[in-house]
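Here are the chains, one letter per residue:
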Number of protein chains: 2
Amino acid sequence: MGDVKREVARAINLMSDNDLRVTPEREAVLEVLAENIGAHPSAEDIYLATMERHPGIGLATVYRTLDALERVGIVSKLELGASGSRYELNTDVGGHFHHHLICIGCGRITEFNQDLLEHLEKEIEDSTGFQITDHSLRFYGYCAKCREAAKGGETSRS
Amino acid sequence: MGDVKREVARAINLMSDNDLRVTPEREAVLEVLAENIGAHPSAEDIYLATMERHPGIGLATVYRTLDALERVGIVSKLELGASGSRYELNTDVGGHFHHHLICIGCGRITEFNQDLLEHLEKEIEDSTGFQITDHSLRFYGYCAKCREAAKGGETSRS
DNA sequence: GTCTATATGAGAATGAATATCACTTTCGAT
DNA sequence: ATCGAAAGTGATATTCATTCTCATATAGAC
Ligand SMILES: [Zn+2]
Ligand SMILES: [Zn+2]
Ligand SMILES: [Zn+2]
Ligand SMILES: [Zn+2]
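Residues numbered from 1 in each chain as written. Chains lettered and ligands numbered in written order. Predicted model: local features only at pLDDT ≥ 70, side-chain atom pairs only at ≥ 80, totals over all residues. Heavy atoms only, no water.

**Student:** Before we move on, can you summarise the overall build of chain A with the specific residues and values?
**Tutor:** When its secondary structure is counted, chain A shows 6 helices and 5 strands. Helices (α) and strands (β) of chain A occur, in sequence order from the N terminus, as α-α-α-α-β-β-β-β-α-β-α. C-alpha atoms of chain A, sized along the principal axes, occupy 60 × 50 × 30 Å. Here chain A holds 158 residues, and 39% of them are scored as buried. The long-range share in chain A, meaning contacts at least 24 apart out of those at least 6 apart in sequence, stands at 49%. With the model as given, the accessible surface of chain A reaches about 9000 Å², and the carbon-plus-sulfur share is 48%. Between the centroid of the 17 positive side chains of chain A and the centroid of its 26 negative side chains there is a distance of 6 Å. (Helix = DSSP H or I, 4+ residues; strand = E, 2+ residues; numbered from the N terminus. Buried < 20%, exposed > 50% of the residue type's maximum accessible area, 1.4 Å probe, protein only. Contact = heavy atoms within 4.5 Å. Areas by Shrake-Rupley, 256 points an atom, 1.4 Å probe, with all protein chains shown as cover. Lys, Arg positive; Asp, Glu negative; His and termini not counted. Charge placed at Lys NZ, Arg CZ, Asp CG, Glu CD.)

In structure tokens form, the structure reads like this:
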């Protein structure tokens, strides 16, 4: 599961580098994020988990912290529309270059790695004059588990 | 600008095919959508424009209409998080296979066409068992106009 | 330690989107 | 054409994620 302490220490250094104050609340949020890499928790998830570690923290502080961390690149925010956003710590290894598979059956979010967009970005910048600073690639569909469940449900009925 | 009447007629046929009732309100929304291809209007934009054509329509009806049309594939919804969603009519030609360049300076949304994801989807389905039904590819950055404005601002100051 | 900009907690406010409900309309069957 | 059930509508209340407000507390530079 990666080294939680190391990830937190790394993030704290980045905070100082970016003139963000290191508070107990922010450290608690970072620990939660580091312990949940790959889980893509919501702000509410993070709030509840942080509560166990730092009782009394306010939900607004969690939002403010996530926002501050996102602005300096320590976390990524995955906006999912109506159902709210999800957050993830940008780990040192492979942090930024993965995309998401979003299951519309169960809501689970998995990842896959792929470059492939780099040279496409160059092409777009050259042909349109649009300067790209970020991108988002998502695939929606049904995860293996949901497909299995649907299959089971159908066969058991016929 | 394409043929507005033809697009509306095509959409109305699709509505009937999908057991959606054709009402004056929905026709008015469709006309607005057909007249604004490429503009990526918000629900509020569509509401205001539809008002001119069908005074008294309710905002909720616009939302319900857009939702119904999206469910049967007549319109696409582009979820932009905090700033609300944008909608567009899926035209017959090239309707579905374009992606978006979203300017974080002025908010304008432009498009670019590209296949490229088809064979990647196959690869993902084979390697993960995830069945893909839809995808979303977006690039964020600064459009040519905003880059020009920023450049002008800088040089005029130094 | 002092000081100032910044962060925090509690709860109010925001705003896009949805739900509710009484009433109206569509459209296939008669 | 007309009838009736199912679906759609307008006005408005409600939801819910996120942001704002403001009084208080604290981090971090000196
Ligand atoms: Zn699933
Ligand atoms: Zn991820
Ligand atoms: Zn722009
Ligand atoms: Zn578009």
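**Student:** With reference to specific residues and values, describe the relation of the copies chain A and chain B.
**Tutor:** At an RMSD of 0.0 Å, chain A and chain B line up after a rotation of 180° and a shift of 0.0 Å along the axis. Taken together, these values place the two copies in the relation of a two-fold axis. Among all residues of chain A, the one whose C-alpha sits closest to the rotation axis is Leu137(A), at a distance of 2.2 Å. (Least-squares fit on C-alpha atoms with pLDDT ≥ 70 in both.)

**Student:** Outline the coordination of the zinc ion (ligand 1), supporting the account with residue identities and numerical values.
**Tutor:** The coordination sphere of the zinc ion (ligand 1), as far as protein atoms go, consists of Cys103(A) (SG), Cys106(A) (SG), Cys143(A) (SG) and Cys146(A) (SG), spread over 2.2 to 2.4 Å. The sequence pattern describing where the donors of the zinc ion (ligand 1) fall on their chain is C-x2-C-x36-C-x2-C. (Donors = N, O, S within 2.8 Å, 3.2 Å for Na, K, Ca; no water.)

**Student:** Give me the lowdown on the pairing of strand β5 (residues 131-142) of chain B, citing residues and values where you can.
**Tutor:** Pairing of strand β5 (residues 131-142) of chain A with β5(B), which is carried by 11 bridges, proceeds in the antiparallel orientation. Along β5(B), the bridge assignment pairs Gly141(A) with Ile132(B). With 4 bridges connecting them, strand β3 (residues 98-103) of chain B and β5(B) associate as parallel partners. Residue pairing across strands places Leu101(B) opposite Phe139(B), the latter belonging to β5(B). (Pairing = 2+ DSSP bridges.)

**Student:** An account of the coordination of the zinc ion (ligand 4) is requested, with residue identities and associated values reported.
**Tutor:** Residue and element names in this part refer to chain B. Of the protein atoms, only His40 (NE2), Glu88 (OE), Glu88 (OE), His98 (NE2), His100 (NE2) and Glu111 (OE) coordinate the zinc ion (ligand 4), at distances of 2.1 to 2.7 Å. Taken together, the 6 donor atoms coordinating the zinc ion (ligand 4) and their angles of 51 to 168° define a geometry best described as irregular. Looking at Glu88, the relative accessible area reads 10%, which means it is buried. (Tetrahedral: all angles 85-135°; square planar, octahedral: opposite > 155°, others 65-115°.)

**Student:** So what's going on with the interface of chain A and chain B? Which residues, and what values?
**Tutor:** Listed by partner, the interface residues are 34 residues for chain A and 33 residues for chain B. Both faces considered, chain A and chain B share a buried interface measuring about 2800 Å² in area, 67% of it formed by carbon and sulfur atoms. For chain A, the biggest contributors to the area lost against chain B are Phe130(A), Phe139(A) and Tyr140(A); these three give 22% of the whole. For the pair chain A and chain B, the interface holds 0 salt bridges. (Buried area = accessible area lost by both parts, 1.4 Å probe. Salt bridge = Lys/Arg side-chain N within 4 Å of Asp/Glu carboxyl O.)

These results come straight from atomic positions and should not be treated as a statement about function.
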